[in-house]
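A closer look at the structure
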Amino acid sequence: MITIGFESSCDETSVAIFSEGSILSNIVYSQIPIHEKFGGVIPEIASRDHVKKIATITSTAIQEAGITIKDIDGVAVTNKPGLVGSLVVGLSFAKSFAYYNHKKFVGVDHLKAHLYSPFLEYDISYPFIALTISGGHTSITYVKAFNDEQLLGTTYDDAAGEAFDKIAKVLGLGYPGGPLIEKCALAGNPKAIKFPRPLTTNKNPEDLYNFSFSGLKSSVINYVRTNPAFCKEDVAASFQEALFETLIIKLNRAVKDTKCHNIVIAGGVACNKTLKTKFNNFFNQKTYSLFIPSPKYCTDNAAMVAYLGDKYLKMARYDDLELGVNSRI
Ligand code: KG4
Ligand code: ZN
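Now for a quick tour of the structure. Note that residues are indexed from 1 along each chain, following the sequence as it is written. Key to labels: chains lettered from A, ligands numbered from 1, both in the order written. For a predicted model such as this one, the threshold for reporting local features is a pLDDT of at least 70, and the threshold for listing and counting side-chain atom pairs is 80 or more; totals across whole chains, interfaces and linings nevertheless cover every residue. Side-chain figures throughout are based on the complete set of non-hydrogen atoms in the structure, without hydrogens or water.

It is worth spelling out helix H2 (residues 43–65) at this point. Taking 1.5 Å per residue, 23 residues should reach 33 Å; H2 reaches 31 Å between its end C-alpha atoms and fits that length. Note that bend, as reported per residue, equals the angle between axes fitted to the 7 residues terminating at that residue and the 7 residues originating from it. A run of H or I in DSSP becomes a helix once it reaches four residues, and a run of E becomes a strand once it reaches two; helices and strands are each numbered from the N terminus. Along H2, the helix axis deviates most sharply at Lys53, where the bend reaches about 40°. A simple rule labels every residue: compare its accessible area, found with a 1.4 Å probe on the protein chains alone, to the largest value its type can have, and call it buried under 20%, exposed over 50%, or partly exposed in between. Of the residues making up H2, those classed as buried are Ala46, Ser47, Asp49, His50, Ile54, Ile57, Thr58, Ala61, Ile62 and Ala65. Contacts were defined at the residue level, with two residues in contact if any of their heavy atoms lie within 4.5 Å. In this structure, the buried side of H2 is in contact with strand S1 (2–7), strand S2 (12–19), strand S3 (22–30), helix H1 (32–35) and helix H3 (84–101). Taken from the residues just after H2, Gly66 is the one with a positive phi, measuring 70°. Helix span, as expected, comes to 1.5 Å for every residue beyond the first.

Below, the discussion takes up unusual backbone geometry. A cis geometry characterises the amide bond from Lys80 onward to Pro81, with omega recorded as -25°. With respect to the helices, strands and loops of the structure, Pro81 is situated in the loop between strand S4 (74–80) and H3. Here the amide bond leading from Tyr126 into Pro127 is cis, since omega sits at -5°, within 30 degrees of zero. Tracing the backbone through its elements, the reader meets Pro127 in the loop between helix H4 (110–116) and strand S6 (128–133). For Glu20, which is not glycine, the phi dihedral falls at a positive 40°. Among the structural elements, Glu20 can be located in the loop between S2 and S3. Even without glycine at this site, His102 takes up a positive phi of about 55°. With respect to the element layout, His102 can be found in the loop between H3 and strand S5 (104–109).

The donor set comprises N, O and S atoms within 2.8 Å of the metal, extended to 3.2 Å for Na, K and Ca; water molecules are omitted, so apparent gaps in a site may simply reflect that omission. Taken together, His110 (NE2), His114 (NE2) and Asp300 (OD) make up the protein donors of the zinc ion (ligand 2), found 2.0 to 2.1 Å from the metal. The coordination sphere of the zinc ion (ligand 2) comprises four donor atoms, whose angles at the metal cover 96 to 133°; the geometry is tetrahedral. Here the donor residues of the zinc ion (ligand 2) are spaced in sequence according to H-x3-H-x185-D. Here Asp300 lies in the loop between helix H10 (295–298) and helix H11 (303–314) and His110 lies in helix H4, a separation of 190 residues in the sequence. Summarising the burial analysis for this pair, His110 and Asp300 share the class buried. Irregular is the label for any site that misses the other tests, which are tetrahedral for four donors with all angles between 85 and 135 degrees, and square planar for four donors or octahedral for six when opposite donors exceed 155 degrees and the remaining angles lie between 65 and 115.

Below, the structure is given as structure tokens:
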């Protein structure tokens, strides 16, 4: 079976071909150079650029996979969550593709695609705990079996990646903030400034696994405003340290409470090498197996959409052509 996947939920236009356990092609076109000058994604511009690129990226993906449209059995597309205008472009194109070529069709939740993305490279046994850290979402999920996910915690406000992006702006580093803060932090002292580790004290049982990063963000902004001679590198390193420690405390709690030994970390923030080192050091490899995808599968890509859509289609889970988009989960 061959499945084509489409992803256009934010500022990447991506098309991938998946067949029998392997990715035959995964074309990712990033709009970062277009949004960079605005310091963040401009939704209207994102939608317009998806419209321009999606057809040629589809042709390239099919060509690079060495197949023809006839060989494709199913179509998978991200239909939530994300920027509505961007999602509409991918969904409409994928629907037309499925309709005209008489292919099976299924919508995919972008966050679930991130959550299962480590399966593109690793065999992981169930159950596992997944920490999903992207630009729009932060969550901890207990995955008992394929398609049996229980959300344990999520963020009340800013997502982890969003905090990176906003703080990079305050530090004058540019967009997207994650890679720029990571680089800047390499020259800083992570212990220089003690920023808060929000919701980690375990006071409210409802918040055992939930996150809130807006207080951390405000604390960094206040520090920068009240210390005009601040050291950018120390602020970046201390912010990262506070955020990663918070993630580790919450993830460790979930791992202990569920007695899971398999841990998955997915989403754009999982590209961060300092994070990888910290998590690998914390979760002892004798007891735990930690699975983090390669950077190309951490940030937005259609390979993860094609992978999950393929699983759905194989279990006869289809959508009809009236499927709509949703900005939220
Ligand atoms: O998963 P993703 O590509 O898109 C969403 O679904 O949101 O994640 C993008 C986010 C951005 O906020 C970006 O700053 C962050 O991932 N990111 C990083 C790194 N690379 C990307 N954050 C920290 N360190 C990185 N190296
Ligand atoms: Zn994403």
